[in-house]
Amino acid sequence: MAPAIVAIATSATSSTGSRAAALGFAMGLVYFGGTVYWVAEVMHRYGDLSWPLAAPIGLLLVSYLAIFPAVWAVLLRWAVRRLGVAGVWLAPVFWVATEWVRASFSGFPWALLGSSQSTVVPIVQLASVTGGFGLSALVALVGTAAAVLSLTQRRGHRAAVGAVALLVAVVATAGAFRVSRGRLISSGEQIRIGLVQGSVEQDQKYDPAFRDAILSRYLTLSREAIAAGANVVFWPEASTPGYFDIDDALALPIRRLAAETRTPFILGADAYQPPIDGHPEQFFNAAVLVGSDGRSKQTYKKIHLVPFGEFVPFKSLFFFAKPLVEAVSDFSPGTEPIVFDVDGRRISVAICYEAIYPGLARDFVANGSQLLATITNDAWFGRSSAAYQHFEQAGLRAVEEGRYVVRAANTGISGAVDPYGRTLVSTPLFEPVSLTVDVRLLTDRTIYSRTGDLIAWLSLAMTAGFIVTASRRR
C-alpha cells in the first residue's frame, strides 16, 4: 500500500484525478489478480467455458473489484490536494470505507485486507474488538505511516508515525496477553466433533454411476469418526448426491447409522420445495440436522449464494456465456440464520463461502450459537491457493466471535480453529479422511460480537463528511 500512497500523493497537485484512478486501478489489478486468479480456471473446468471466454470473464471480475481501490485512490488524491501531506492520513479511512462497500454490495467480499492477519496470532486478536475491518484499518495505517516517512520529514508527522508504531506494539502485546490467559479454551462444555472429508471429484458428485460408491465412502469414514468418540459428525456441503429429504434410498442408510450409534449428523444436501400457493418450485443449498434417532430435525438454507456458482446475476448480460449460465445451479437464497439444537447444544452451520461474511457469524451467535461450523465443497478450487485462503478467512470468524470453528470440506481443507485463531487440526487436500477434534461450547460474547462493524461505520461517516466538506470548499 505504501508505494501506491506515495505515487498518488506526489502526483496529486500536478495531475488529474484520472491518473490517481489509474494508479488505484493498477494496484487493484495486482491485488485481485493475485488473489482470485483461480476464478477463470473454475469457469473453464466446471462452467464449460473455453479459455478464450473464461479468461476474459475472470479478468472482468478482477477489473470490477479493482474499481474499489481506484475510488480509494481518487479520494486520497482529493484529500492531499485539500490538506497537503496531512491528507495522506485519511488513506486508512478511505480504504475501510471502500472495502466495506465492496464487501456489502459486490456479492464477493473475498480477501479483505484484514484477513491477511488471520494467522498472525497476537495481531489478529484485535478482531475480537473491532472485527476484520479493524484489522484492515491497522494494516492500512501501517502502510500509510511508511508512506509518510517517505513523503515528509516534518516533526509532527514523524511523531504520528511513532504513534502508529506504538499502537502496533500495544495491539501485539495485548493480543499476546489475551492468548496467554487462555480463558476461552478452559471454559464451556467439551465436545468431540467428527469431520468427514470424502474427497469426491466435482465431476463425479452428481454422476449416478458414482452415487453408491460416494455414499459408501462417507458412511465408512463416519463409522471411523464415531468409533473415535465423535459426539456429532459433520459431512461437507452437498455431500449427499441427491435430495436428502425426498430420496429415501439415499437417506435411509444415513438415518440408520445415526439411530444405531445414537449420533447426530449434520450434512450438506440440496433441498427441494415444491410449488406452494402459486409460487414456483425452489431449490436450496442446505444443511440438514439428522438427530440421534435418525430423523431430520432442522434445515438451514444457505443465505449468501455464490455469484456464477449458484446463480448467475444479470443473466441477460451474459448471453455470450450460455454454457456457463446453463452449467450454474439456480438456487434460491434462504432467509433465516437458523441455529441447530443438537441434543441441547447450539451449533450453527455456514455453507461454503458464507464463512467469509462476518455479519452472518454475528447473527448466528446472537441467536445462541455456541459453536461455529462450516461445511463446504472446495473441489472447485483444485489445488490453487483459494482453498487455503478460504480456510484462513473462516478461521478469522473464530476470533471475532470468541467461538471454536470446525470445518468439513469435501476435498479439504477440513479442520478446526480455536477462539484465538490457532489451527488445532487440518487435513491435506484431496485425501479421503476422517478426523475427530475436541472443542468447547462457549456462550460469552466478544466486544465485536456485541457492537459490530463500528470501525466500518465510522470510516463511512468520516469519508462522507470529508466529501461534503471538500465539496463546499470547492
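Structure: see above.
In this report, the structure presented in the accompanying data block is examined. (Residues numbered from 1 in each chain as written. Predicted model: local features only at pLDDT ≥ 70, side-chain atom pairs only at ≥ 80, totals over all residues. Heavy atoms only, no water.)

Examining a nonpolar patch on the surface
No. 1: The grouping of Tyr 64, Ile 67 and Val 71 at the surface amounts to a nonpolar patch, some 230 Å² of accessible area in total.
No. 2: With respect to the helices, strands and loops of the structure, Ile 67 is situated in helix 4 (residues 51-83). (Patch = residues over 30% accessible without salt bridge, like charges linked within 9 Å, V, L, I, M, F, W, Y side chains within 5 Å. Areas by Shrake-Rupley, 256 points an atom, 1.4 Å probe, with all protein chains shown as cover. Salt bridge = Lys/Arg side-chain N within 4 Å of Asp/Glu carboxyl O. Helix = DSSP H or I, 4+ residues; strand = E, 2+ residues; numbered from the N terminus.)

Remarks on the pattern of salt bridges
No. 1: Counting across every chain of the model gives 10 salt bridges.
No. 2: Asp 438 is the partner of Arg 192 in a salt bridge, and the nearest nitrogen-oxygen pair spans 2.7 Å. One end of the pair, Arg 192, is in strand 1 (residues 189-197); the other, Asp 438, is in strand 12 (residues 433-441), with 246 residues separating them in the sequence.
No. 3: The partner of Arg 407 in a salt bridge is Asp 378, with the nearest N and O atoms 2.9 Å apart. Of this pair, Arg 407 sits in strand 9 (residues 405-409) while Asp 378 is found in the loop between strand 8 (371-376) and helix 14 (386-401), placing the two residues 29 residues apart along the sequence. Asp 378 matches Arg 407 in its accessibility class, with the two residues each being buried. (Buried < 20%, exposed > 50% of the residue type's maximum accessible area, 1.4 Å probe, protein only.)

Topic: the packing of aromatic side chains
No. 1: In total, this model carries 20 aromatic pairs according to the counting rule given.
No. 2: Judged by centre distance (5.7 Å) and plane angle (70°), the rings of Tyr 300 and Phe 364 are edge-to-face. Highlighted residues: Tyr 300 in strand 5 (residues 296-301) and Phe 364 in helix 13 (residues 358-366), separated in sequence by 64 residues. Summarising the burial analysis for this pair, Tyr 300 and Phe 364 share the class buried.
No. 3: Taken together through their ring pairs, the aromatic side chains of Trp 38, Phe 108, Trp 110, Tyr 353, Tyr 357 and Phe 381 make up a single cluster.
No. 4: Over the ring of Phe 284 we find Lys 301, and its NZ or CZ is 4.3 Å from the ring centre. (Phe/Tyr/Trp six-rings, centres within 6.5 Å; stacked < 30°, edge-to-face > 60°. Lys NZ or Arg CZ within 6 Å of the ring centre and 35° of its normal.)

Let's talk about the sheet that holds strand 4 (residues 282-290)
No. 1: Taken together, six strands build an open sheet; the order of strands is 5-4-3-2-1-12 and the sheet is mixed. With one partner strand each, in any of the chains shown, strand 5 and strand 12 form the two edges of the open sheet. In this sheet, adjacent strand axes meet at a mean angle of 35° when their direction is disregarded.
No. 2: As paired elements, strand 2 (residues 232-234) and strand 3 (residues 265-273) share two bridges and run parallel to each other. Paired with Val 233 across the strands is Phe 265, a residue of strand 3.
No. 3: Strands in contact with helix 11 (residues 248-261) are strand 3, strand 4 and strand 5; relative to strand 3, the strand with the most contacts, it is inclined by about 145°. (Pairing = 2+ DSSP bridges. Axes fitted to C-alpha atoms, helices over the stretch in contact; angles between N-to-C directions. Contact = heavy atoms within 4.5 Å.)

Some thoughts on the packing of helix 2 (residues 17-35) against helix 4
No. 1: One can describe the packing of helix 2 onto helix 4 by two numbers: an axis separation of 6 Å at closest approach and a directional angle of 140°. As the angle between them shows, helix 2 and helix 4 are arranged oblique. Like other packed secondary-structure pairs, helix 2 and helix 4 cross with a definite hand, here right-handed. Counting all contacts with helix 2, which are made through Gly 17, Ala 20, Ala 21, Gly 24, Phe 25, Met 27, Gly 28, Leu 29, Phe 32 and Gly 33, the residues of helix 4 involved are Val 62, Ser 63, Leu 65, Ala 66, Ile 67, Pro 69, Ala 70, Trp 72, Ala 73, Val 74 and Arg 77.
No. 2: By residue class, the composition of the contact of helix 2 with helix 4 is 15 nonpolar, five polar and one charged. (Parallel < 35°, antiparallel > 145°, perpendicular 65-115°, else oblique. Left-handed = near helix turned anticlockwise from the far one by under 90°. Nonpolar A, V, L, I, M, F, W, Y, C, P; charged D, E, K, R; others polar.)

A word on the pairing of strand 7 (residues 345-351)
No. 1: For strand 7, the tally of buried residues reaches six of seven residues, placing the bulk of the element in the interior.
No. 2: Pairing analysis gives four bridges linking strand 6 (residues 339-342) to strand 7, with the strands arranged antiparallel. Its bridge partner lying in strand 7, Val 339 is registered against Ser 348.
No. 3: Following strand 6, the chain reverses through two residues before pairing antiparallel with strand 7; Asp 343 in that reversal takes a positive phi of roughly 55°.
No. 4: Bridge count for strand 7 against strand 8 is five bridges, and the pairing is parallel. In the sheet register, Ala 350 faces strand 8, and the bridge partner there is Thr 374.
No. 5: As for the winding sense of the linkage, the β-α-β connection from strand 7 through helix 13 to strand 8 is right-handed. (Right-handed = clockwise from strand over helix to strand, strands pointing away.)

Considering the packing of helix 2 against helix 5 (residues 91-105)
No. 1: Where helix 2 contacts helix 5, the two axes come as close as 15 Å, and the packing angle between them is 55°. Our classification of the angle between helix 2 and helix 5 gives oblique. Handedness of the helix 2/helix 5 crossing: right-handed. Residue-level inspection shows Met 27, Tyr 31 and Phe 32 of helix 2 in contact with helix 5, the latter providing Trp 95, Glu 99 and Arg 102.
No. 2: Considering only residue class, the contact of helix 2 with helix 5 consists of four nonpolar, no polar and two charged.

A short note on the sheet that holds strand 9
The strands making up a sheet are joined through hydrogen bonds of the backbone, oriented either antiparallel or parallel.
No. 1: With mixed pairing, six strands are arranged side by side in an open sheet as 6-7-8-9-10-11. The open sheet has two edge strands, strand 6 and strand 11 (423-426), and neither has a second partner. Taking each pair of neighbouring strands and ignoring which way they run, the sheet shows an average axis angle of 25°.
No. 2: Of the strands in this sheet, strand 8, strand 9, strand 10 (415-417) and strand 11 are in contact with helix 14, which crosses strand 9 at around 155°.

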